[in-house]
Amino acid sequence: MIDAIKNVSSLSATRGLGSIATDLSSVASNAIASTPETAIGSSAVGSFASVMSDVAKNTVSTLKDAENASFAGIKGTMSTREVVDKVMQADQTLQTAIALRDKMVSAFLDITKMQI
């Protein structure tokens, strides 16, 4: 199941979104890119596709960590508290990813309904 989610991170390459460049000449873009609160690794100044790809990769990583923690809990090599913490973190990450997906689909539908 988690491997199916991994395919989401490759959407930018398959859909040709990886080649979209952003215009960082505007003052607002430079102000956002320069604030430390918005820095997400090196993709803070990257394209929308690269940011979404990073979000998908982080989600998959968190879900895999929770899955591994569950197996470790079953084997008895990890405490119950640590397993619960990892699973709750994965649940929160998954809910965030679902909400983000729903917002993007809603925005796409709004754009398609616009009159030209």
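Residues numbered from 1 in each chain as written. Predicted model: local features only at pLDDT ≥ 70, side-chain atom pairs only at ≥ 80, totals over all residues. Heavy atoms only, no water.

*Asks:* Tell me what's going on with the overall build of the protein, and back it up with residues and numbers.
*Replies:* On a plain count of helices and strands, the protein comes out with five helices and zero strands. Moving toward the C terminus, one meets the helices and strands of the protein in the order α-α-α-α-α. For the protein, the exposed surface amounts to about 8,700 Å²; the carbon and sulfur share of it is 61%. (Helix = DSSP H or I, 4+ residues; strand = E, 2+ residues; numbered from the N terminus. Areas by Shrake-Rupley, 256 points an atom, 1.4 Å probe, with all protein chains shown as cover.)

*Asks:* Break down helix α5 (residues 80–113) for me, with residues and values.
*Replies:* Along its 34 residues, α5 runs 49 Å from first to last C-alpha, staying within 8% of the 50 Å computed at 1.5 Å per residue. Residues V83, A90 and T93 constitute the buried set of α5. Packing partners of the buried residues in α5 comprise α4 (48–75). (Expected span 1.5 Å × (residues − 1). Buried < 20%, exposed > 50% of the residue type's maximum accessible area, 1.4 Å probe, protein only. Contact = heavy atoms within 4.5 Å.)

*Asks:* Tell me what's going on with α4, and back it up with residues and numbers.
*Replies:* With 28 residues, α4 should reach 40 Å at 1.5 Å per residue; the first-to-last C-alpha distance of 41 Å fits that figure. For α4, the set of buried residues is A49, V51, M52, S53, A56, T59, V60, T62, L63, A66, A69 and A72. Once α4 ends, the next one or two residues include G76, with phi positive near 90°.

*Asks:* Lay out the side chain of T59 in plain terms, naming residues and giving numbers.
*Replies:* Residue placement: T59 occurs in helix α4. In this structure T59 comes out as buried when scored by relative accessible area, which is 7%. Within polar-contact distance, the side chain of T59 engages the backbone oxygen of V55 at 2.8 Å. Apart from residues lying up to four places away in sequence, T59 is in contact with T93 and A97. (Polar contact = N/O pair within 3.5 Å; in protein donor to acceptor, adjacent residues only side chain to side chain.)

*Asks:* How would you sum up the environment of T62? Please name residues and give values.
*Replies:* Turning to its location among the elements, T62 is positioned in helix α4. Once you skip the residues sitting within four places of it in the chain, T62 turns out to touch Q89, A90 and T93. At a separation of 2.9 Å, a polar atom in the side chain of T62 contacts the main-chain carbonyl oxygen of N58.

*Asks:* Outline a nonpolar patch on the surface, listing residues and values.
*Replies:* A cluster of nonpolar side chains, namely F48, V55, L100 and M104, defines an oily patch on the protein surface of about 320 Å² accessible area. The set of elements that each furnish at least two residues to the nonpolar patch consists of α4 and α5. With respect to the secondary-structure elements, V55 resides in helix α4. With relative accessibility at 31%, the residue V55 sits in the partly exposed group. (Patch = residues over 30% accessible without salt bridge, like charges linked within 9 Å, V, L, I, M, F, W, Y side chains within 5 Å. Salt bridge = Lys/Arg side-chain N within 4 Å of Asp/Glu carboxyl O.)

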